[in-house]
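Fold and geometry: a report
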Amino acid sequence: MTRTVPAVTATPRIPGPATGPRRSTVAVMCLCVTLVVGMVSAVNLAIPSLSRSPLHPSAEAVVWVVDGYVVFFACLLVPAGALADRLGRKGTLLGGMALFTAGSALCAAAPGIAVVIAGRMLSGVGAAAVLPTTLALLVADAAPERRPRLVAVWASMTGLAAVLGNVGGGAALQTGSWRALFLCVVPPSLLALVLIAVRTPLAVRHDRPVSPVSAALLTTGFLALLTGIVSGPESGWLGARTVGGFALAAVLLTCWVRYELRRPHPMLDPRLFALPVVRAGALGLALAFVGMFGLFYVNGQYLQYAQGHSPLEAGVRLLPMAAALLLAPRCAVALERRLGGRATVGAGLLVLASGLATVSTVNGHTPYVLYATGATLTAAGCGLATPLLSHGLMSALPPDRAGTGSGLQSLARELGSALGIAISGSVVTALFTTHLPAALRGPHPPTTVAAAERELSTSGTADGGLRNAVIDAFTGSLDVTMLVLAGVVVAGGALVVTWHPGRRTGT
């Protein structure tokens, strides 16, 4: 068992109030959370504008613009939290926000799509340093009775940030350029840097082990896995790049497991998965976010391409999902009392899958109410299942492993998000190219709606019928993709229900 020991430092700690952090500190931490989490959802609304831009990104490149941020965010969360404790939380938070800001500025000024992806990855590294550090700083000086409320405030901000990302991102994109989204993030990020420097107290450093090797193996392993998934539609599922990605992922992730098992103080102990409730919690959280973010990836495209809405109109039309995410956890408590934890988790995953199945019925002429119903059910299912999955996972671990449990939760959520985006993007691309009208088929067919429209325009064949055929190809591929995601959630959910306890854990 690892005991946290304060390291000797030359800089004295500046304590906060006895009962908890100042309101200004809480506000600064909430601003940081809103920025880094909001950009996960906001960028999905920029996909149509980016695809129509002079950069002419392929479908694979578009997926990496979204997922490059998420995968670095996910895989570096746990080591970043340990690094913050070891080197100092305030300094780590400043460094993380600086990287996030620099990455956003790089995206806004990028001359090519490769630079956009690099900027997103840089921002993802910064976001990984920001998120766990904000929570640690909030609760560091708080009295025990105030900590649950501060954690609740922080958790609420992570949910609200997704909403603000959709609406705020849509408003920024009203200029007509995807660059505006990244440019608009820079001023509040610079403000956050100033406020962190002025208003955030210093804290005791702790001798927590940090393993760059473990972090590198985990991150590169998942990058290789996503490369295999994303490359399939364009390189072929048996192509060298696709097969090589999957093979390299298997090797790297196996090496990561073996390396962690041999360490006296692993970053994330694989032996935790011997506990059924931990397996249930990690897999269930990942599945919920696979479904949620698989839908998030196509939301903005469907509402803009097929329904003809502006980015802001699309963002506002996603607000019912936010309401479901906020209200469903309250219903989960009541359902657990009546049905038990296992049945409630199973019901949540089924509701999520039913929402995806509802979305799978849409086309270019579907009433918004039907689409909103499917999207809202998806969010409600996520909100029903995730609180109990998180509680079960945390309750299975002793108090001295609470940090590990929190890190595992965040890792499962963000990796589920990355996988959902990769699966959604790959299936949509593969099916879209096969369902294009004959005029657009060829050795190198367009892989996005924007590319197809551009090809029709340059060839002088851009009539209404062909444009409608392109939209039909997109909505048809979207429909099958939602059914695939629903099937993944149901199949994986069967294992989650088997492993999850039937009664409240930890009581």
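The preceding data block contains the structure.
Reference entry: report on the structure contained in this document. (Residues numbered from 1 in each chain as written. Predicted model: local features only at pLDDT ≥ 70, side-chain atom pairs only at ≥ 80, totals over all residues. Heavy atoms only, no water.)

**Some words on the packing of aromatic side chains**
Given two aromatic rings, their pairing is described by the distance between the two centres and the angle made by the two planes. To keep it simple, the criterion reads: Stacked, tilted and edge-to-face pairs are distinguished by plane angle, under 30 degrees for stacked and over 60 for edge-to-face with tilted covering the rest, among Phe, Tyr and Trp rings (Trp via its six-membered ring) whose centres lie within 6.5 Å. Helix and strand assignments come from DSSP, with helices taken as H or I runs of at least 4 residues and strands as E runs of at least 2, each series counted from the N terminus. Residue burial is assigned from relative accessible area. The probe radius is 1.4 Å, only protein chains are included, and a residue is buried under 20% of its type maximum, exposed over 50%, and partly exposed in between.
Per the counting criterion, the structure on display carries seven aromatic pairs. Measuring from ring centre to ring centre gives 4.9 Å for Phe293 and Phe296, while their planes differ by 75 degrees; the resulting arrangement is edge-to-face. Of this pair, Phe293 and Phe296 both sit in helix H11 (residues 276-306), three residues apart, which is roughly one turn of that helix. Each member of the pair, Phe293 together with Phe296, is buried. An angle of 80 degrees between the planes, with centres 5.9 Å apart, marks the rings of Tyr305 and Phe474 as edge-to-face. Placement of Tyr305 in helix H11 and of Phe474 in helix H18 (residues 464-499) is noted, with a sequence separation of 169 residues between them. Look at Tyr305 and you get buried, because its relative accessible area is 3%. Judged by relative accessible area, Phe474 falls into the buried class, the value being 1%.

**Description of the packing of helix H1 (residues 23-45) against helix H5 (residues 89-108)**
The condition that has to hold: To define axes, lines are fitted to C-alpha atoms, for helices over the stretch in contact only, and angles between the resulting N-to-C directions are given on a 0 to 180 degree scale. Left-handed describes a crossing in which the near helix is turned anticlockwise from the far one by less than a right angle; the clockwise case is right-handed. A contact between two residues is defined here by any heavy atoms of the two lying within 4.5 Å.
Across the interface, H1 lies against H5 with an axial gap of 12 Å and an inter-helix angle of 40 degrees. Crossing geometry of H1 relative to H5 is assigned as left-handed. Contacts between H1 and H5 pair Met29, Cys32, Leu35, Val36 and Met39 from the former with Leu93, Met97 and Phe100 from the latter.

**Concerning the nonpolar core**
A general tendency of soluble globular proteins is for nonpolar side chains to be buried together. Keep this limit in mind: Put simply, a nonpolar core is a bunch of buried Ala, Val, Leu, Ile, Met, Phe, Trp, Tyr and Cys residues held in one set by side-chain atoms that sit within 4.5 Å of each other.
By size, the foremost hydrophobic cluster in this structure holds 148 residues, and its most contacted members are Val36, Tyr69, Phe73, Met97 and Leu295. Residue contributions to this core peak at 18 residues, all from H11. Setting aside chain neighbours within four positions, we find Met97 in contact with Cys32, Leu35, Val36, Val130, Ser189, Ala192, Leu193 and Ile196.

**Some points on the side chain of Thr481**
With respect to the element layout, Thr481 can be found in helix H18. For Thr481, a relative accessible area of 1% corresponds to the buried category. Here Thr481 is in contact with Ser424, Val427 and Val428, once residues within four sequence places are set aside.

**A look at unusual backbone geometry**
One non-glycine residue, His56, adopts positive backbone phi at about 50 degrees. Tracing the backbone shows His56 in the loop between helix H2 (47-51) and helix H3 (59-75). Since its relative accessible area comes to 44%, His56 is described here as partly exposed.

**Brief notes about helix H9 (residues 212-235)**
Defined as follows: Multiplying one less than the number of residues by 1.5 Å gives the expected span of a helix. Working definition for bend: take the seven residues up to and ending at a residue and the seven starting at it, fit an axis to each, and measure the angle between the axes.
In this model H9 runs 32 Å from its N-terminal to its C-terminal C-alpha over 24 residues, within 8% of the 34 Å that 1.5 Å per residue would give. At Ile229, H9 is bent by approximately 25 degrees, the largest bend along its length, and proline Pro233 sits one to four residues beyond.

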